[in-house]
Amino acid sequence: MKPLALLSIVMLLVGCSSANLVSNWKNPDYPIFDANKVLIVGMAQDEDTRVDFETKLKKEFKKRNIEAMRSIDIFDVSFTDTAKTEEELDEVEQLLLSRDFDAILLTKVVGSQDFKKFRRRMSEIDELYGKFRDDYLGNQQIYYETDYYDKYTVYHAETSLYCICIDKERDLVWRGAIDVTDPVNLKKTVEDYIKLVVLAMEEQDIIFRKEIEEGDESVGLQR
């Protein structure tokens, strides 16, 4: 699928959201990927945020009759308290395989950046050709208004799907990079983020499938 096509539809559907899809990569070895049982992992220090995220994402799987479990129901509290070795993660994967899991959906914040933006719009184009006096008087607040620039933070997050099928442990199937801008309402931000993840995975035929309405000829994006 063409990345620009997906980005365009995402912007149309959730353009007013605080979450925006930046990039979307799919392993060419998996033209279609299905999973029977998925472990949802939301890496977050705040337990309430982690619970909220994993619970809401689990509901998306349930809507589509796909079994999914939250990491908070699999890992005890001590598991995330300390760093894990590669050997310990191998044991975790073997445990998941023994419990019939075949995929892990991992979400994490990978970085953040601080930005500034104009609090007010620039002068209209016709005002730009006025007199110096008008131009100066209309913009002199730049000197003394402390809130002329609004500070905001963009968080860079990623959601990755890994196959833990036999002989294909840790094989990356799909990854989506999503920017979250200055989240104020955390619950709404989580909902917006999940909508983006579901949409991107649907368009890539990764576990989720788009619902096709009867008589609808436009069943998906151009690939």
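This structure is a prediction, so every number in the text was calculated from the model and none was measured.

1. What about the overall build of the protein chain?
A tally of helices and strands in the protein chain yields six helices and six strands. Ordering the α and β elements of the protein chain from the N terminus gives α-β-β-α-β-α-β-α-α-β-β-α. Long-range contacts, defined as pairs at least 24 residues apart, comprise 73% of the intrachain contacts of the protein chain with a sequence gap of at least 6. Roughly 14300 Å² of accessible area belongs to the protein chain as shown, and the carbon and sulfur atoms make up 52% of that amount.

2. Some words on the pattern of salt bridges
With the rule as written, the count across this model stands at 13 salt bridges. Across the pair Arg50 and Glu54 runs a salt bridge whose closest N-O atoms are separated by 3.6 Å. Here Arg50 and its partner Glu54 are both found in helix H2 (residues 47–63), four residues apart, which amounts to about one turn of the helix. Comparing Arg50 with Glu54, the two get one shared label, buried. With a shortest N-O distance of 3.2 Å, Arg64 and Glu202 are connected by a salt bridge. With a gap of 138 residues between them, Arg64 in the loop between H2 and strand E3 (67–70) and Glu202 in helix H6 (residues 186–203) connect regions that are remote in the sequence. The exposure class assigned to Arg64 is partly exposed, which follows from its relative accessible area of 25%.

3. Quick look at the pairing of strand E6 (residues 171–181)
Within E6, eight of the 11 residues are buried, leaving the element largely enclosed by the surrounding structure. Pairing of strand E1 (residues 19–26) with E6, which is carried by seven bridges, proceeds in the antiparallel orientation. In the sheet register, Ser23 faces E6, and the bridge partner there is Ala177.

4. Here's the deal with unusual backbone geometry
For Asp205, which is not glycine, the phi torsion reads 55° and is therefore positive. Relative to the helices and strands, Asp205 is located in the segment after H6. Its identity is not glycine, yet Ile207 carries a phi of approximately 65°, on the positive side. Note that Ile207 resides in the segment after H6. Residue classification places Ile207 among the buried positions, given a relative accessible area of 5%.

5. Quick look at the side chain of Glu54
Classification of Glu54 as buried rests on a relative accessible area of 0%. Setting aside residues up to four positions removed in sequence, Glu54 forms contacts with Ile40, Val41, Gly42, Arg70, Ser71 and Ile72.

6. Quick look at the confidence of the model for the protein chain
With 70% of its residues at a pLDDT of at least 70, the protein chain reaches an overall mean of 77. Taken element by element, the protein chain is modelled with least confidence in helix H1 (residues 3–14), mean pLDDT 39, and with most confidence in E3, mean pLDDT 95. Note on residues 217–223: pLDDT under 50 across the span, and 16 contacts to partners over four residues away in sequence or across chains.

7. Describing the packing of aromatic side chains
For the structure shown, the criterion picks out three aromatic pairs. Taken together, a centroid distance of 4.8 Å and an interplanar angle of 55° make the contact between Phe61 and Phe208 tilted. Highlighted residues: Phe61 in helix H2 and Phe208 in the segment after H6, separated in sequence by 147 residues. Across this residue pair, the class does not change: Phe61 and Phe208 are buried. The lysine or arginine in question, Lys37, covers the ring of Phe101, its NZ or CZ lying 4.5 Å from the ring centre.

Reading guide: rules and limits
- Residues numbered from 1 in each chain as written.
- Predicted model: local features only at pLDDT ≥ 70, side-chain atom pairs only at ≥ 80, totals over all residues.
- Heavy atoms only, no water.
- Helix = DSSP H or I, 4+ residues; strand = E, 2+ residues; numbered from the N terminus.
- Contact = heavy atoms within 4.5 Å.
- Areas by Shrake-Rupley, 256 points an atom, 1.4 Å probe, with all protein chains shown as cover.
- Salt bridge = Lys/Arg side-chain N within 4 Å of Asp/Glu carboxyl O.
- Buried < 20%, exposed > 50% of the residue type's maximum accessible area, 1.4 Å probe, protein only.
- Pairing = 2+ DSSP bridges.
- pLDDT = per-residue confidence, 0-100.
- Phe/Tyr/Trp six-rings, centres within 6.5 Å; stacked < 30°, edge-to-face > 60°.
- Lys NZ or Arg CZ within 6 Å of the ring centre and 35° of its normal.

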